[in-house]
Amino acid sequence: QLELVESGGGLVRDGGSLRLSCAASGRPFISYIVGWFRQAPGKEREFVAAISWNEGITAHADSVKGRCTISRDNAKSTVYLQMDSLKPEDTAVYYCAVGTSLPLRPSRVDYWGKGTLVTVSS
């Protein structure tokens, strides 16, 4: 059983930065695709970024490319999402997600975190 523990959300001003963390509990991320989705009120859950654990290959949504960077720490079994130059439109609940295939889509996610709220003030 894989459990995901998210942290790092909070309130930040326009242009600020946050780093989200997703730690694996129960089993490691080995062989998985680990990523982040976000969902704002009244909107669809959308893909943000993903990383293949074994190879370290990353993908980022166009909406965050250049501002967000996903990475992993093998020793800590943790995936990070560094977010810089945040905008009010980035406000959403961010969910860690784990699957086994690419592209990582909500319907293909096997494990979801509970979510961490990111609020960017204008």
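Notes on the structure in this doc start here. (Residues numbered from 1 in each chain as written. Predicted model: local features only at pLDDT ≥ 70, side-chain atom pairs only at ≥ 80, totals over all residues. Heavy atoms only, no water.)

Okay, the overall build of the protein chain next. When helices and strands are tallied, the protein chain shows zero helices and eleven strands. Going from N to C terminus, the protein chain has its helices and strands arranged as β-β-β-β-β-β-β-β-β-β-β. In terms of principal-axis extent, the alpha carbons of the protein chain reach across some 40 × 30 × 25 Å. Taken over 122 residues, the protein chain has a buried fraction of 42%. In the protein chain, of all internal contacts separated by at least 6 residues, the share reaching a separation of at least 24 is 57%. In the structure as shown, the protein chain presents an accessible area of about 6,500 Å², 45% of it carried by carbon and sulfur atoms. Here the protein chain contributes 14 positive and 12 negative side-chain charges, whose respective centroids are spaced 1 Å apart. (Helix = DSSP H or I, 4+ residues; strand = E, 2+ residues; numbered from the N terminus. Buried < 20%, exposed > 50% of the residue type's maximum accessible area, 1.4 Å probe, protein only. Contact = heavy atoms within 4.5 Å. Areas by Shrake-Rupley, 256 points an atom, 1.4 Å probe, with all protein chains shown as cover. Lys, Arg positive; Asp, Glu negative; His and termini not counted. Charge placed at Lys NZ, Arg CZ, Asp CG, Glu CD.)

With that settled, the discussion passes to the nonpolar core. One broad rule of soluble globular proteins: the nonpolar side chains tend to lie buried together. Of all hydrophobic cores here, the largest spans 30 residues; its most connected members are F29, V34, W36, V79, L81, M83 and Y94. Among the secondary structure elements, those contributing two or more residues to this core are β3 (18-25), β4 (33-39), β5 (46-52), β7 (68-73), β8 (78-83), β9 (92-99) and β11 (116-121). Those residues in contact with Y94, other than ones at most four positions away along the chain, are E6, L20, W36, F37, R38, V48, L81, M83, G115, T116 and V118. If you look at the next biggest cluster of nonpolar residues, it comprises six residues, including F37, A50, A97 and L104. (Core = buried A, V, L, I, M, F, W, Y, C linked by side-chain atoms within 4.5 Å.)

Tallying each qualifying case throughout the model produces three salt bridges. The closest approach of N and O atoms between E46 and R38, which form a salt bridge, is 2.7 Å. Taking the relative accessible area as the measure of exposure, R38 reaches 6% and is therefore buried. Here D90 and R38 are joined by a salt bridge, their closest N and O atoms 2.9 Å apart. Taken together, the positions of D90 in the loop between β8 and β9 and R38 in strand β4 put the pair 52 residues apart, joining distant regions of the chain. Of the two residues, D90 and R38, both sit in the buried class. Put simply, R38, E46, R67 and D90 are held in one network by salt bridges that share partners. (Salt bridge = Lys/Arg side-chain N within 4 Å of Asp/Glu carboxyl O.)

On to the state of the cysteines, then. Enumeration over the complete set of coordinates arrives at one disulfide. A sulfur-sulfur distance of 2.0 Å marks the disulfide that ties C22 to C96. Across the disulfide from C22 to C96, rotation about the S-S bond amounts to roughly -85 degrees, and the bridge is consequently left-handed. Pair noted here: C22 is in strand β3 and C96 is in strand β9, with a separation of 74 residues, a long-range link. Using a relative accessible area of 0% as the deciding quantity, one classes C22 as buried. Note on C68: no disulfide assigned, nearest cysteine sulfur contributed by C96 at a separation of 14 Å. Its relative accessible area of 4% is what places C68 among the buried residues. (Disulfide = S-S within 2.5 Å.)

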